[in-house]
Amino acid sequence: MSESEKQKDPAALKEEGNAFFKAGDMQGALCCYTRALKLTDSQADSAVLHRNRSACYLKLEEYSKAEADASKALDADPGDVKARFRRAQAYQKLGRLDQAFLDTQRCAQLEPKNRAFQDLLRQLGAQIQQKSAQLNSTDARVQQMFSVLLDSSAKDSDRQKAAQNLVVLSRDEGGAEQIFRNDGVKLIQKLLLSKQEDVVLSALRTLVGLCTGHQSRTMAIVNELGMDQLCAVMGSGASTVSLAACHLLQVMFEALTEGMKREIRGKDEAILPEPSKELRSMLRHLLEMMPATNVSGPGRDNAINLLVKQVPRKSLKNPDNSLSLWVIDQGLKKILQVAGTVAELSEGPPLTENTHMSCSVLLSKLYDDLKSDKERENFSKLCEEYVQEHFRRPGLDAKLRAIQTVSVLLQGPSDVGNITLEMSGMMDAVISLCASEDVTHQQVAVEALIHAAGKAKRASFITANGVALLKDLYKKSENDRIRVRALVGLCKLGSAGGTDFSMKQFAEGSTLKLAKQCRKWLCNESLPPASRRWSVEGLAYLTFDADVKEDLVEDKNALLAMFELAKSEDKTVLFAVGSTLVNCTNSYDVEKPDPQLVELAKYAKQHVPEEHPKDAPSYVEKRLVKLLEAGIVSALVCMVKQESPALTEACREFIARVFLALVERQEDRGTVVAQGGGKALIPLATENTDVGKVKAAQALAKIAITSNPEIAFPGERIYEVVRPLVNLLKLECTLLQNFESLMALTNLAGISERLRQKIIKEKALPKIEGYMFEENELVRAAATECMCNLVLSTEVQKLFLATGNDRLKLLVLYCGEEDERLRKAAAGTLAMLTAEQPELCTRIPGTTTHWLEIFQALLLSEISDLRHRSVVIVQNMMQAEKGLAETLMESEALEILTVLAKGEGGTPDPVAKVAQNCLNKAVEYGIIRSREDGIEKDKGTEP
């Protein structure tokens, strides 16, 4: 049967899947069974294929899928013992012990003598008894806590302790179920009305435990408590309570949207209705919180944060953006109402320093989630109508609202911001209000001017018309709030050339003067935080100039002030700090122009970008050392921990870039790890822009290569490092990133079997094998070294045992390559494989006719490590089969082993010991015999 016919024949695909399964290649088997299922029309064949696929899912630890496939097999044939047993195993892993026991009991009835069934029955019986005892104990504790909490005469301290204990219980599935079944939600509803902040926090945290990963409980809680009460708690003045309520709603969103995919869908496995009704209700309440004047500033920020996280699609591959369209339709004007609020005016909801930035992020996320020009045009039209409506109203307050809205749009979806900025009379109003005597009016106008200056089409207009105005404001204004903003506008315009040394907008030395003033304001603690934040904005633009970078890192007080701001409550500073640090560390991407193209450009009198002399690597290295001494790592770690829309993906990318620059030097990596950098990099490698993920993963790889991974990433954290490292094994990544990932994975694979299994589960094995064929010698050797550690796993050994592949042949051939590192890695892999799987020894002669010459060359190597690995391979081969031993002893290997067995200079030599073992084995086989003065071949073996 040809290969194309096989692909269309379900029976052939099933057999191929069985072969993959026996060889330990679960992914290959899964693929074959799935294709066969699509082709077969037979119900009986489908049942067998589902049963087989269930076995694959069990091996891959995807227990929900294993249970589903086993159930499909049983639907077709209820008497299928194998399928029932596999479902029982899946149920056990999913924690559904009662159902597992029933299935196993049925299996034991059908095959009473089957030992595996009896063993599982005993296991399940013990687990069920343990769980029952635990539930009884938990039930008593829940009742005791309820009685204390409901007793009005109980001491406050006792009630607080009981509430805290309730939180601890809710984190356990058994405890959560008992609280829920004992009408705990009604009690928690009463606790939410408490005047004591600790009690309210405990109630919210208990609800988090009840809702986490459990869709049915979450739906019941949402309906029983009502979103009005939850939003009222989040909108309260206490920031800690508001944040806890925000976290609860986040958990509820996750449970409702992902609950059906999780292993726990509800205790009784009931068919649950789609939670879209509850989801829409929650979103509607969040949108209603936007303009509400009775909602606190932190509560509003938390509502915006939830919308940012929950509304846009997590991946653009998902075609359904209906949630974003619904929010735009129902709530865009409410969001714009907050965006246009000027805090100093009497009207409007209360805001924090972060609210406008959070609105910008939300608007940007919604706009980016739109799929078509028509959807984007509708978004722009709604924004334009809102701005026009206010701009055309009589009175200055309405115009200020319109300008403030434009400011927020320019920071978010800038295309829409530009459209509103180009409305008739808008720029004229901004320019004229800059000259207003009212500080609030000036502030709103100057900020709009600054944000407009960042847009290429407007920068030249403002350079021509606004520079004089900004200079005038900077020099003559008596209010520092206005002066610092005017300064940032000048900084922004002065940095229009970016890192190009030859393109400077202002006279020589002007940028240094501006930067000096920025640093002065930054260090002035008497200024309000918002004004100091604007000074960091100025430095973010000016640090494109290497002279400014040098001055900043020399000013330790300015660095410390900037790092303290990064750790503060004002989240809007995060982007500016990140941008400044990227510039100071030169961690932005720079494309080196082709020298020939540069010469052509000069000849054609075209502009050629020039690098500043102080951007040379030696200067950058010194700057990095000074930043580390000033405490940059602790600032970055605090920035990563911020739960705010201001910590955008772009901001995360900045932080990842800076971390990568900081770990470039090997001697600095310990400092970064000691101050929490290793821990901070893990979320940066999973929640970031595509570029940011790669940068963070590469930083993790560098740390894992030179540090002990168990110390750098203690506890369970080490397992979280695997996925980012595997993600570097892509063709889109550079060879350096591939190489560093392989080196890091090699270190991890050498630690424990659990880590090796994690690497295998992340589907790294085929990628590592692919890099073993890479042309680059370093990458090829690193991949082989990684495989050397992975073969300690039985699952990997089975891949080499499987027939019909050249894995073993590749290793033998690599033992004969010139590259010393590659030879060591291949010989080490063979030494371990032949020790663990003697069957492979007998296959080595069939890999290549030159196998004997290759091993003899290894034995004769001047490198001790190579001699040791090769003599171990020879020993394993001789122990595996007498025929192999005879072949080896008939070659020059006998003479080489005889010399090696004598050792060097009488010192203990592991090579000599193993070589002597080989000779002893040959004597034992009767191939050679020992004499006092040496070794000689047995006559029976001579030709």
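A brief structural summary. (Residues numbered from 1 in each chain as written. Predicted model: local features only at pLDDT ≥ 70, side-chain atom pairs only at ≥ 80, totals over all residues. Heavy atoms only, no water.)

## Brief notes about the overall build of the protein
Summing up its helical and strand segments, the protein has 55 helices and two strands in all. Put simply, the protein has 943 residues, and 53% of those count as buried. A separation of at least 24 residues holds for 67% of the contacts in the protein among residues at least 6 apart in sequence. Within the structure as shown, the protein displays about 43,600 Å² of accessible surface, and the carbon and sulfur contribution to it stands at 49%. (Helix = DSSP H or I, 4+ residues; strand = E, 2+ residues; numbered from the N terminus. Buried < 20%, exposed > 50% of the residue type's maximum accessible area, 1.4 Å probe, protein only. Contact = heavy atoms within 4.5 Å. Areas by Shrake-Rupley, 256 points an atom, 1.4 Å probe, with all protein chains shown as cover.)

## Regarding the packing of aromatic side chains
Counting across every chain of the model gives five aromatic pairs. Seen in terms of ring centroids, Phe575 and Phe654 are 5.0 Å apart; in terms of plane orientation they differ by 55°. Their pairing is tilted. Residue Phe575 is found in helix α32 (residues 574-585), and its partner Phe654 is found in helix α36 (residues 649-662); the two are separated by 79 residues along the sequence. Under the relative-accessibility criterion, Phe575 is labelled partly exposed at 36%. With relative accessibility at 17%, the residue Phe654 sits in the buried group. (Phe/Tyr/Trp six-rings, centres within 6.5 Å; stacked < 30°, edge-to-face > 60°.)

## Considerations on the packing of helix α35 (residues 632-641) against helix α38 (residues 677-684)
The interhelical angle for the contact between α35 and α38, taken along N-to-C directions, is 35°, at an axis separation of 9 Å. Handedness of the crossing formed by α35 with α38: left-handed. In this structure, α35 uses Val633, Val637 and Val640 to contact α38, whose residues at the interface are Gly677, Ala680, Pro683 and Leu684. (Axes fitted to C-alpha atoms, helices over the stretch in contact; angles between N-to-C directions. Left-handed = near helix turned anticlockwise from the far one by under 90°.)

## Observations concerning unusual backbone geometry
Positive phi, close to 65°, is recorded for Glu61, a residue that is not glycine. Inspection of the secondary structure assignment puts Glu61 in the loop between α4 (43-59) and α5 (63-76).

## Quick notes on the side chain of Arg84
Looking at where Arg84 falls in the secondary structure, it is placed in helix α6 (residues 81-94). Residue contacts for Arg84: discarding those within four places in its chain leaves Leu74, Pro78, Asp103, Arg106 and Cys107.

## Notes on the nonpolar core
Phe379, Ile632, Phe659 and Leu662 are the most contacted members of the largest nonpolar core, which totals 269 residues. Considering every element that reaches this core, the biggest residue donor is helix α15 (residues 239-258), with ten residues. Non-local contacts of Leu662, meaning those with residues more than four positions away in its chain, are made with Leu624, Leu628, Ile632, Val633, Leu636, Asp668 and Val672. (Core = buried A, V, L, I, M, F, W, Y, C linked by side-chain atoms within 4.5 Å.)

## A short note on the packing of helix α52 (residues 864-880) against helix α55 (residues 910-925)
Packed helix pairs are specified by the crossing angle of their axes together with the interaxial distance, meaning the distance between the axes. Where α52 contacts α55, the two axes come as close as 9 Å, and the packing angle between them is 20°. By the angle class used here, α52 and α55 are roughly parallel. Considering the relative orientation of α52 and α55, their crossing is left-handed. Across the interface between the two elements, Ser864, Arg867, His868, Val871, Val872, Val874, Gln875, Met878 and Gln879 from α52 touch Pro910, Val911, Val914, Ala915, Asn917, Cys918, Lys921, Ala922 and Tyr925 from α55. Here the residues of the contact of α52 with α55 sort into eleven nonpolar, five polar and two charged. (Parallel < 35°, antiparallel > 145°, perpendicular 65-115°, else oblique. Nonpolar A, V, L, I, M, F, W, Y, C, P; charged D, E, K, R; others polar.)

## As for the pattern of salt bridges
A complete count under the given rule lists 38 salt bridges for this structure. For the salt bridge of Glu550 with Arg623, the shortest nitrogen-to-oxygen distance reads 2.7 Å. Highlighted residues: Glu550 in helix α30 (residues 546-554) and Arg623 in helix α34 (residues 617-630), separated in sequence by 73 residues. Exposure remark for Glu550: the relative accessible area of 14% places this residue in the buried category. Across the salt bridge formed by Glu667 and Arg665, the nearest N and O atoms sit 3.3 Å from each other. Overall, the relative accessible area of 55% leaves Glu667 in the exposed class. (Salt bridge = Lys/Arg side-chain N within 4 Å of Asp/Glu carboxyl O.)

## Quick notes on helix α28 (residues 510-523)
Because an α-helix completes one turn every 3.6 residues, residues spaced three or four positions apart along the sequence face the same direction. Look at α28: 20 Å from first C-alpha to last across 14 residues, which is about the 20 Å you get at 1.5 Å a residue. Within α28, the full set of buried residues consists of Thr511, Leu514, Ala515, Gln517, Cys518, Arg519, Trp521 and Leu522. (Expected span 1.5 Å × (residues − 1).)

## Remarks on helix α39 (residues 690-706)
For α39, which comprises 17 residues, the first-to-last C-alpha distance of 25 Å matches the rise-based estimate of 24 Å (1.5 Å per residue) to within 8%. Listing the buried residues of α39 in full gives Gly692, Lys695, Ala696, Ala697, Gln698, Ala699, Leu700, Ala701, Lys702, Ile703 and Ala704. Turning to α39, the residues buried within the fold contact α36, α37 (669-674), α38, α40 (709-712), α42 (722-726) and α43 (735-749).

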